[in-house]
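Topology and contacts: notes
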Number of protein chains: 2
Amino acid sequence: MRFAQLRYLEAALRTGSFRQAAKELDISQPTITNQVQRLEEDLGVILVTRGAKGVRPTYAATGYCRTLSLRSRPRKCCAPKPAPSAA
Amino acid sequence: MRFAQLRYLEAALRTGSFRQAAKELDISQPTITNQVQRLEEDLGVILVTRGAKGVRPTYAATGYCRTLSLRSRPRKCCAPKPAPSAA
DNA sequence: ATACCTTACGTTTAACGTAACGATT
DNA sequence: AATCGTTACGTTAAACGTAAGGTAT
């Protein structure tokens, strides 16, 4: 886990797309793609779902949203709830 | 900031020396030295004081002790208190 | 002399950018 | 076609190990 990766994730969730995030951070889109991928691998958790419209946070990522102090909750979360059944 | 750097710091504070930490993590001592140095640079805060007896956490690092869930507070903290005067 | 941490230097891994690609609307 | 994310690949920076160097007990 690198601090930069969290910045990339934050920007992506806030703007709603990797492209926008890359533009804002003045880096290339592939960097966002690769680093978020690596972060997900390291954590063993999928953080965002990709689509032609952009990216959306998974439920796991909504926790990060709080951590990262995102002002506005970024769109809608994919998974509505974690279903607190068996741990 | 890298997650590995926090692991190095945690081991160093828990064991009380870079040597012990390196041994436990099965890496070289210079790696601990360099990575803790870099972490301190990045944060702009000195985290440990070095001595012939080993390392001791500064007051700043005692916060990290809690974060890192160190069971036992590692020895004694160097600075007794931050003196909550002007911020 | 022994036990620490630090500096120097070469090797290897990984982050990053450019370019090319696939998918969806 | 336009917009968005992914894969491929070469370049550059950084992590790591080995070896040598100070400092204090």
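First things first, this report covers the structure right here in the doc. All values derive from a computational prediction rather than experimental measurement.

Points about the packing of helix α1 (residues 3–15) of chain B against helix α2 (residues 18–25) of chain B
Two quantities define a packed helix pair, namely the angle between the axes and the distance from one axis to the other. All names here are of chain B. Taken N-terminus to C-terminus, the directions of α1 and α2 make an angle of 120°; their axes are 8 Å apart at the nearest point. Here α2 runs oblique to α1, going by the angle between their axes. In this structure, α1 crosses over α2, and the sense of that crossing is right-handed. When α1 is examined against α2, the residues R7, Y8, A11, A12, R14 and T15 are found in contact with a partner set consisting of F18, Q20, A21, E24 and L25. Residues belonging to the contact of α1 with α2 are distributed by class as follows: six nonpolar, two polar and three charged.

Focus: the protein's contact with DNA strand C
As a structural note, the neighbourhood of DNA strand C is formed by 21 residues, with S28, T31 and R38 of chain A together with F18 and R50 of chain B the closest of them. Of all elements in the fold, only α3 (29–43) of chain A together with α2, α3 (29–43), β1 (48–51) and β2 (54–57) of chain B reach the threshold of two or more residues within the surface near DNA strand C. Class assignment for the residues of the surface near DNA strand C results in eight nonpolar, nine polar and four charged.

A word on the pairing of β2 of chain B
On any regular strand, side chains alternate: one points to one face of the sheet, the next to the other face. Residue and element names in this part refer to chain B. Across four bridges, the pairing between β1 and β2 is antiparallel. Residue pairing for β2: G51 is matched across the bridge by G54. Hairpin remark: β1 followed by β2, antiparallel, with two residues in the connecting loop.

Section: the environment of E10 of chain A
Residue and element names in this part refer to chain A. If you trace the backbone, E10 turns up in helix α1 (residues 3–15). When the C-alpha atoms of E10 and Y64 are compared, they prove to be 8.2 Å apart, with 54 residues separating the residues in sequence. For E10, the side chain forms a polar contact with the side chain of R14, separated by 2.6 Å.

Digging into the side chain of S17 of chain A
Along the polypeptide, S17 of chain A turns up in the loop between α1 and α2 (18–25). Non-local contacts of S17 of chain A, meaning those with residues more than four positions away in its chain, are made with A12, G54 and V55 of chain A.

Quick notes on the nonpolar core
Grouped together as the largest cluster of nonpolar side chains are 20 residues, with contacts concentrated most on L9, L13, F18, I32, L47 and V48 of chain B. Of all the secondary structure elements, the ones that give two or more residues to this core are α1, α2, α3 and α4 (59–67) of chain B. Broken down by element, this core gets its largest block of residues, seven residues, from α1 of chain B. Those residues within four positions of L47 of chain B in sequence are excluded, and the remaining contacts are L9, L39, E40, R56, P57, T58, A60, A61 and Y64 of chain B. A4, L6, Y8 and A22 of chain A belong to the second-largest nonpolar core, a separate cluster that totals 17 residues.

Rules and cut-offs
- Residues numbered from 1 in each chain as written.
- Chains lettered and ligands numbered in written order.
- Predicted model: local features only at pLDDT ≥ 70, side-chain atom pairs only at ≥ 80, totals over all residues.
- Heavy atoms only, no water.
- Axes fitted to C-alpha atoms, helices over the stretch in contact; angles between N-to-C directions.
- Helix = DSSP H or I, 4+ residues; strand = E, 2+ residues; numbered from the N terminus.
- Parallel < 35°, antiparallel > 145°, perpendicular 65-115°, else oblique.
- Left-handed = near helix turned anticlockwise from the far one by under 90°.
- Contact = heavy atoms within 4.5 Å.
- Nonpolar A, V, L, I, M, F, W, Y, C, P; charged D, E, K, R; others polar.
- Near = heavy atom within 4 Å.
- Pairing = 2+ DSSP bridges.
- Polar contact = N/O pair within 3.5 Å; in protein donor to acceptor, adjacent residues only side chain to side chain.
- Core = buried A, V, L, I, M, F, W, Y, C linked by side-chain atoms within 4.5 Å.
- Buried < 20%, exposed > 50% of the residue type's maximum accessible area, 1.4 Å probe, protein only.

Purely spatial values, then, with no claim about function.
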